[in-house]
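Spelled out from the first residue to the last, the chains are:
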Amino acid sequence: MSRHIFFAAALAALALVAGIAGPASAHSIKVGSLTITDLWTRATPPNAPTAGGYLTIENAGDEPDRLVSATSPLAGRVELHQMSMKDGTMIMRPAENGIEIPAGQTVTLAPSGFHIMFMELKDGFAEGEKVPVVLTFEKAGSVETFLHVQAIGSPGPAAEMDHGADEQGAAQ
Ligand SMILES: [Cu+2]
């Protein structure tokens, strides 16, 4: 757990560097007719048992596809979840049939919607790390990639590009 203390202490300095340099880490990966971008997650507080995973999937094909499962060596268990409103409260539940990516459309996994849920975390995620994941799609098959670990409370790479200063100020 000592590295968590170190990273907490270094957080302010890292945030400053990130603010000057902009989103320093991004990549995209293709599998079949799918292009996956904006792969990210958040650093976890000490002893956090879970973390969310987020990404954007563009389907350039003529047929729908479906994200059916994900795995990571850093988590004992990984599920696909969705947030939804129930009686005025946001609740989280498993995405029963995975996450559909309609033909010709783009689906974004984000903190307020569909997401990957890393459970039974072994060490937690530290800012700047890469979290290896294997994503399995119904038609396109499996692809091995990674998520960039952003700061605790980060709104994500897309939001940071759109209105970074406001979001970062609000997060502190
Ligand atoms: Cu969840």
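Each remark here, short or long, concerns the structure printed above.
Residues numbered from 1 in each chain as written. Predicted model: local features only at pLDDT ≥ 70, side-chain atom pairs only at ≥ 80, totals over all residues. Heavy atoms only, no water.

Peer 1: Talk me through the pairing of strand S2 (residues 34-42); I want residue IDs and the actual numbers.
Peer 2: Pairing geometry for strand S1 (residues 29-31) and S2, over three bridges, is antiparallel. Following the sheet pairing, Lys30 is matched in S2 by Thr35. Here S1 hands over to S2 after two residues, with Gly32 in that stretch at a positive phi of 60°. Here six bridges tie S2 to strand S3 (residues 51-59), and the two strands are oriented antiparallel to one another. (Pairing = 2+ DSSP bridges. Helix = DSSP H or I, 4+ residues; strand = E, 2+ residues; numbered from the N terminus.)

Peer 1: Go over the packing of aromatic side chains with me, naming the residues and quoting the values.
Peer 2: Within this structure, the stated rule accounts for two aromatic pairs. Between the aromatic rings of Trp40 and Tyr54, the centroid separation amounts to 4.6 Å while the plane-to-plane angle is 45°, which identifies the pairing as tilted. One end of the pair, Trp40, is in strand S2; the other, Tyr54, is in strand S3, with 14 residues separating them in the sequence. Judged on exposure class, the residue Trp40 and its partner Tyr54 are both buried. Taking the centre distance of 5.4 Å and the plane angle of 80° together, the rings of Phe118 and Phe125 count as edge-to-face. Across the pair, exposure class does not vary: Phe118 and Phe125 are buried alike. (Phe/Tyr/Trp six-rings, centres within 6.5 Å; stacked < 30°, edge-to-face > 60°. Buried < 20%, exposed > 50% of the residue type's maximum accessible area, 1.4 Å probe, protein only.)

Peer 1: Which residues make up the coordination of the copper ion, and what values go with them?
Peer 2: The coordination sphere of the copper ion contains the protein donors His81 (ND1), Met92 (SD), His115 (NE2) and Met117 (SD), at a distance range of 2.0 to 2.2 Å. Around the copper ion, the four donor atoms sit at angles spanning 95 to 119°, and that spread fits a shape best called tetrahedral. Every donor residue of the copper ion comes from the same chain, spaced as H-x10-M-x22-H-x1-M. No difference in accessibility class separates His115 from Met117, as the two residues are buried. (Donors = N, O, S within 2.8 Å, 3.2 Å for Na, K, Ca; no water. Tetrahedral: all angles 85-135°; square planar, octahedral: opposite > 155°, others 65-115°.)

Peer 1: Can you lay out the nonpolar core for me, pointing to particular residues and giving the numbers?
Peer 2: Grouped together as the largest cluster of nonpolar side chains are 29 residues, with contacts concentrated most on Phe118, Leu135 and Phe137. Those elements that place two or more of their residues in this core are S2, S3, strand S4 (65-71), strand S5 (75-86), strand S7 (99-101), strand S9 (115-121), strand S10 (130-137) and strand S11 (141-150). (Core = buried A, V, L, I, M, F, W, Y, C linked by side-chain atoms within 4.5 Å.)

Peer 1: Outline the pattern of salt bridges, supporting the account with residue identities and numerical values.
Peer 2: All chains considered together, the criterion is met by four salt bridges. Of the charged contacts in the structure, one is a salt bridge between Arg66 and Glu138, with a shortest N-O distance of 3.9 Å. Of this pair, Arg66 sits in strand S4 while Glu138 sits in the loop between S10 and S11, placing them 72 residues apart in sequence. Given the relative accessible area of 22%, Arg66 is considered partly exposed. (Salt bridge = Lys/Arg side-chain N within 4 Å of Asp/Glu carboxyl O.)

Peer 1: Residue-level account of unusual backbone geometry, with values.
Peer 2: Across residues other than glycine, the phi torsion is negative in most instances, and most of the peptide bonds are trans. Positive phi, close to 50°, is recorded for Asp38, a residue that is not glycine. Relative to the helices and strands, Asp38 resides in strand S2. With relative accessibility at 27%, the residue Asp38 sits in the partly exposed group. Residues other than glycine seldom take positive phi values, yet Asp87 does so here, at roughly 50°. Turning to its location among the elements, Asp87 is positioned in the loop between S5 and strand S6 (89-94). For Asp87, a relative accessible area of 76% corresponds to the exposed category.

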